[in-house]
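Residues per chain, in single letters:
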Amino acid sequence: MASEKIVASQGRSAELDAHVRRIDSQDKVATGVLTVIVGLVMLLVVAIIVYILARGAGRALAPGFLTNPYNNEELPGILYQLWDSFYMLIVTLVISVPISLGAAIFLVEYAPDNWVTSAAKTAIETLSSLPSIVVGMFGSLFFVVTLGWGISILAGACALTMFNIPILVRTIQQALEDVPRSQRDAALAMGLTRWETTINVLLPAAMPAIVTGIVLSAGRVFGEAAALIFTAGSAPARLNFANPFNFMSPTCPFNIFRPACSLAVYIWRLTSEPTAGSTEIVWGTATVLLACVLLFNLLARLLGKLLSRRLTAE
Amino acid sequence: MAGTNDSHRSIAEAQTAITIRDFDLWYGDFQALKKINLEIPRNRATAFIGPSGCGKSTLLRTFNRMCDFVESVRTEGTIEFDGQDIFQMDANALRVYVGMVFQHPNPFPMSIRENILYGPKRMRRISKAEGDEICERCLTRAALWDEVKDKLDKSGLGLSGGQQQRLCIARALATDPEILLMDEPTSALDPISTSMVEQLMTELSEDHTVVVVTHNMQQATRVADKTAFFYLGELIEEGPTRELFGNPKQERTQEYLSGRFS
């Protein structure tokens, strides 16, 4: 009897050993495959960055490239395009952040659960998947022609806003929904109105995630080209930084009704209409654009961490 | 800890703070509370015990009308607070007089000082000196003052779990509520923090009406003057804590107290 039992348990343990070996090897294969996939993705990113840097870093770092206007004869630079890119980004954020914040707060805190709300959510999601060239066409017909703004920074910023809103609404919505239920309960139990709860409790708690989302979206907007070609134009503006407050002048850097050419659009223009020496400028511009977008990503992480540390103590 | 039983005060002499009459509550088709009749004594601690889903938390959350936020909720019967039907009162005004402490500590994402002063500042202007006074008084009352007096301007979320829970109690005290509702306030805390919060419940019940929902029967015997036992949405038995635990009259109560179901 006793020996039979031992044999039986040996049989079981042999079975168990085989099972363990099998799942162990499965685990190893899966880990290996996933590592290779991630490695490929990283290789791709690194290859692109290295290639662009190798072609453009020399020009991007050349003294004067960032501070000369495009029509400088010794070393054509990208000062105006750089300025226009940042200026258009700021105008875009000024328009899109308040709208997105309002929309997200409404959808998370106020919207009743009915067909209108779900239609609004679907509309926002659809907006995010519209091809950018279509948004550009719409912008050129509506903002430029119908509203009569002409090819302008404002029209460009409005087209960019249409991209930015769905991304921002989504991230802010997520950030607000991620605030723990218990914080909401605390506010409600104190008799706070929905508005007080949102402004004083939910927004501060969600702020790190919201700021990260805004900066990340800024990186995306910064590199957009197709939507701007028909709305903000592609001809490099001539800017006069010496006289910045004559707002109606077409050379005023702050004038939102003048055409503008962003870095990404400049790359497109120089590539489609090459001139002598333009290849160099294209790679230099691409390097600067890449560096800016990487900086945005870095900044997003830093700001997010900083804010959440401030939120939770120290 | 068993010795604290002697501190139970008589509930016969106490006035009534909350009167519940023939109270029914439905979530959709599900009846969560059935014909509840109960009186909560003023300036005493009352414990609600019973197995999960028995309706004790639901009843507690009705007292400050937190149940209003649940969709498809429907009630019948009355709950009176100082002779006034709470369903006729403005819910946000009611919540100023009825403070609540939750299972998980939930300080606001602000400094310790702002957490305490948030409630008072909503109602009136508070001078710097008055703010300092309120902070010290409430934090002292919540047995937290010595631990945080040097970091009042640091975020409340940076405190330990037990400290956060005491901060939440201090925040609830700052609006000077008459009633304090506590929904399993120690179930997420370590044993030392638990005994501190239990101590607080006993002290606070001297001049506040405290109602605590607990899964822990020993906690009820330690802190509560009166205990009510709920089962499947019904109030099975209620009475002075010592009587209910020492000499339960209902079979169900006996079974629950002896651990035959939970």
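In this text the structure is predicted, and so the values were computed from the model without any measurement. (Residues numbered from 1 in each chain as written. Chains lettered and ligands numbered in written order. Predicted model: local features only at pLDDT ≥ 70, side-chain atom pairs only at ≥ 80, totals over all residues. Heavy atoms only, no water.)

## Thoughts on the overall build of chain B
Here is step 1: A count of helices and strands for chain B gives 10 helices and 10 strands.
Here is step 2: For 262 residues, the compact-globule estimate of 2.2 N^0.38 gives 18 Å, and chain B sits close to it at 18 Å.
Here is step 3: Seen through its principal axes, chain B has C-alpha atoms that stretch 55 × 45 × 35 Å.
Here is step 4: Relative to all contacts within chain B whose residues are 6 or more apart in sequence, the contacts with residues 24 or more apart total 68%.
Here is step 5: Summed over all atoms, the accessible surface of chain B reaches about 11,500 Å², with 46% contributed by carbon and sulfur.
Here is step 6: Positive and negative side-chain charges in chain B, numbering 30 and 38 respectively, have mean positions lying 3 Å apart. (Helix = DSSP H or I, 4+ residues; strand = E, 2+ residues; numbered from the N terminus. Rg over C-alpha atoms; globule rule 2.2 N^0.38 Å. Contact = heavy atoms within 4.5 Å. Areas by Shrake-Rupley, 256 points an atom, 1.4 Å probe, with all protein chains shown as cover. Lys, Arg positive; Asp, Glu negative; His and termini not counted. Charge placed at Lys NZ, Arg CZ, Asp CG, Glu CD.)

## Description of the confidence of the model for chain B
Residues and elements named next belong to chain B.
Here is step 1: With 97% of its residues at a pLDDT of at least 70, chain B reaches an overall mean of 90.
Here is step 2: Within the model, the stretch residues 1–5 combines pLDDT values under 50 with five contacts to residues more than four positions away or in other chains.
Here is step 3: If you check the scores for this complex, the pTM reads 0.80 and the ipTM reads 0.81. (pLDDT = per-residue confidence, 0-100.)

## Some points on the layout of surface pockets
Over the atoms, a rolling probe the size of a water molecule traces out where space has been left empty.
All names here are of chain A.
Here is step 1: Roughly 560 Å³ of volume is contained in the largest pocket.
Here is step 2: In terms of lining, the largest pocket is formed by 17 residues, of which the most central are Val108, Glu109, Tyr110, Arg181 and Arg194.
Here is step 3: At the level of elements, helix H2 (79–110), helix H3 (115–129), helix H6 (181–189) and helix H7 (194–222) are the ones that each hand at least two residues to the lining of the largest pocket.
Here is step 4: Looking at the lining of the largest pocket element by element, the count peaks at four residues for H2.
Here is step 5: Among the residues forming the lining of the largest pocket, the class breakdown is eight nonpolar, two polar and seven charged. (1 Å grid on protein atoms, 1.4 Å probe; cavity = no way out; pocket = protein on both sides within 12 Å on 5 of 7 lines; lining within 4 Å. Points joined across faces, edges and corners; volume = space filled by probe spheres on them. Nonpolar A, V, L, I, M, F, W, Y, C, P; charged D, E, K, R; others polar.)

## Focus: the packing of helix H3 (residues 112–123) of chain B against helix H6 (residues 161–174) of chain B
All names here are of chain B.
Here is step 1: At a minimum axis separation of 7 Å, H3 and H6 run at an interaxial angle of 30 degrees. Taken together, H3 and H6 sit at an angle that is classed as roughly parallel. Every pair of crossing elements has a handedness; the one defined by H3 and H6 is right-handed. Counted together, Ile112, Asn115, Ile116 and Pro120 of H3 and Leu167, Ala170, Arg171 and Ala174 of H6 form the full contact between these two elements.
Here is step 2: Across the contact of H3 with H6, the residue classes tally to six nonpolar, one polar and one charged. (Axes fitted to C-alpha atoms, helices over the stretch in contact; angles between N-to-C directions. Parallel < 35°, antiparallel > 145°, perpendicular 65-115°, else oblique. Left-handed = near helix turned anticlockwise from the far one by under 90°.)

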